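Report on the structure
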Amino acid sequence: LKSLFDSQIKTLGLVFLVIYLMLVGLFRSLYLALIAIGPAMLPVFLILGTMGWLDISLDMMTIMIASVTCGIAVDNMIQYTFRYREEFAKDHNYFAAMFRSHNSIGLAILYASLTIIAGFGILALSRFIPTIYFGLFTSMAMAAGFSGSLTLLPMLLTLMKPFGRTQPHAAETQKPER
């Protein structure tokens with residue numbers, strides 16, 4: 001188990017580095033890739049931290065949670081970031097892009113995540129303790145992943161403005177009538 005734990009920590013570090021480099025190539029921006037990877041890392045750290053806090057040892061089932069979670073969280077993050085960038089290009093307004101993204105890809109991420117959460121949650125009905133842990137923690141990680149994609153990621157994109165400055169609304173540029 002010690003070897004498994006050491007291997008998992010080294011592998012996770014390498015995975016996040018490779019994902020970051022792939023995001024840089026995909027988004028063509030170091031800054032945007034750095035903003036986007038945070039919400040994808042959140043569920044992995046949340047689950048591993050919770051397992052440590054509850055003193056749940058790593059075994060073959062629980063060690064896989066980080067990998068499954070990371071893959072799905074990165075998928076959600078990439079989909080949302082691409083849609084946000086497309087929506088921002090329409091009017092260069094971060095808030096409007098966020099609302100339009102939520103109404104389109106956000107709903108797809110929500111429905112897919114709820115289906116995955118329910119699917120893994122059924123494993124909690126098992127009689128085998130590692131399978132129960134796997135089901136509960138994977139469901140919890142999926143909930144954290146979709147929450148990060150639909151709350152933390154839009155907030156970071158809106159506050160850090162990786163696509164440039166916001167264009168003022170037409171109403172803001174017109175002089176008030178007297």
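Scroll up a little and you will see the structure.
Described in the following lines is the structure provided in the data block. (Residues numbered from 1 in each chain as written. Predicted model: local features only at pLDDT ≥ 70, side-chain atom pairs only at ≥ 80, totals over all residues. Heavy atoms only, no water.)

**Some remarks on the packing of aromatic side chains**
In this description, a pair of aromatic rings is defined by centroid distance and the angle of the planes. Going through the model one piece at a time under the given rule, you end up with ten aromatic pairs. Relative to Tyr 84, the ring of Tyr 80 has its centre 6.1 Å away and its plane inclined at 40°; by these criteria the two rings are tilted. Residue Tyr 80 and its partner Tyr 84 are located together in helix 3 (residues 64-91), separated by four residues, close to a single helical turn. Tyr 84 matches Tyr 80 in its accessibility class, with the two residues each being buried. Among the aromatic residues, those joined into a cluster by ring pairs are Tyr 80, Tyr 84, Phe 88, Tyr 94 and Phe 163. (Phe/Tyr/Trp six-rings, centres within 6.5 Å; stacked < 30°, edge-to-face > 60°. Helix = DSSP H or I, 4+ residues; strand = E, 2+ residues; numbered from the N terminus. Buried < 20%, exposed > 50% of the residue type's maximum accessible area, 1.4 Å probe, protein only.)

**A short note on helix 4 (residues 94-121)**
In this model helix 4 runs just 35 Å from its N-terminal to its C-terminal C-alpha over 28 residues, more than 12% under the 40 Å that 1.5 Å per residue would give. Within helix 4, the full set of buried residues consists of Tyr 94, Ala 96, Ala 97, Met 98, Ser 101, Ile 105, Gly 106, Ile 109, Ser 113 and Ile 117. Those residues of helix 4 hidden inside the fold are in contact with helix 3 and helix 5 (129-160). Capping the start of helix 4 is the job of one residue whose side-chain oxygen sits 3.0 Å from the backbone nitrogen of Phe 95: Asn 93. (Expected span 1.5 Å × (residues − 1). Contact = heavy atoms within 4.5 Å. Polar contact = N/O pair within 3.5 Å; in protein donor to acceptor, adjacent residues only side chain to side chain.)

**Focus: helix 2 (residues 30-53)**
Along its 24 residues, helix 2 runs 34 Å from first to last C-alpha, staying within 8% of the 34 Å computed at 1.5 Å per residue. Along helix 2, the sharpest kink reaches roughly 30°, centred on Met 41 and followed within four residues by the proline Pro 43. All of the buried residues along helix 2 are Leu 32, Ala 33, Ile 35, Ala 36, Ile 37, Pro 39, Ala 40, Pro 43, Val 44, Ile 47, Thr 50 and Met 51. Following helix 2 by one or two positions, Asp 55 adopts a phi angle in the positive range, close to 60°. (Bend = angle between axes of the 7 residues up to and from the residue.)

**A look at the pattern of salt bridges**
Side chains that differ in charge, positive against negative, can pair when their charged atoms come close. On inspection of all chains with the given rule, the structure shows four salt bridges. Between Glu 87 and Lys 90 there is a salt bridge; the shortest N-O distance is 3.1 Å. Of this pair, Glu 87 and Lys 90 both sit in helix 3, three residues apart, which is roughly one turn of the helix. For Lys 90, a relative accessible area of 58% puts it in the exposed group. Residues Arg 100 and Glu 87 are paired through a salt bridge, measuring 2.6 Å at the closest nitrogen-oxygen approach. Linking Arg 100 in helix 4 with Glu 87 in helix 3, this pair joins segments that are 13 residues apart in sequence. Looking at Glu 87, the relative accessible area reads 6%, which means it is buried. Through salt bridges with shared partners, a single network forms among Glu 87, Lys 90, Asp 91 and Arg 100. (Salt bridge = Lys/Arg side-chain N within 4 Å of Asp/Glu carboxyl O.)

**Observations regarding the packing of helix 2 against helix 3**
For the pair helix 2 and helix 3, interaxial distance at closest approach is 9 Å and the crossing angle is 150°. The angle between helix 2 and helix 3 places the two elements in the roughly antiparallel class. Two packed elements cross with a definite hand, and for helix 2 against helix 3 that hand is right-handed. Of helix 3, the residues touching helix 2 (which contributes Leu 32, Ala 36, Ala 40, Pro 43, Val 44, Ile 47 and Met 51) are Ile 65, Ala 66, Thr 69, Cys 70, Ala 73, Val 74, Met 77, Thr 81 and Arg 85. Classifying every residue of the contact of helix 2 with helix 3 gives 13 nonpolar, two polar and one charged. (Axes fitted to C-alpha atoms, helices over the stretch in contact; angles between N-to-C directions. Parallel < 35°, antiparallel > 145°, perpendicular 65-115°, else oblique. Left-handed = near helix turned anticlockwise from the far one by under 90°. Nonpolar A, V, L, I, M, F, W, Y, C, P; charged D, E, K, R; others polar.)

**Digging into the nonpolar core**
What tends to happen in soluble globular proteins is that the nonpolar side chains get buried as a cluster. Among the nonpolar cores identified, the biggest contains 34 residues, and Leu 23, Met 77, Tyr 80, Tyr 84, Leu 157 and Phe 163 are the most heavily contacted of them. For this core, the secondary structure elements donating two or more residues are helix 1 (2-27), helix 2, helix 3, helix 4 and helix 5. Of all the elements, helix 3 adds the most residues to this core, at eight residues. When near neighbours in sequence (up to four residues on either side) are disregarded, Tyr 80 contacts Met 98, Ser 101, His 102, Ile 105, Ile 109, Ser 149, Leu 150, Leu 153, Pro 154 and Leu 157. Ile 47, Leu 58, Phe 134 and Phe 137 belong to the second largest nonpolar core, which has nine residues in total. (Core = buried A, V, L, I, M, F, W, Y, C linked by side-chain atoms within 4.5 Å.)

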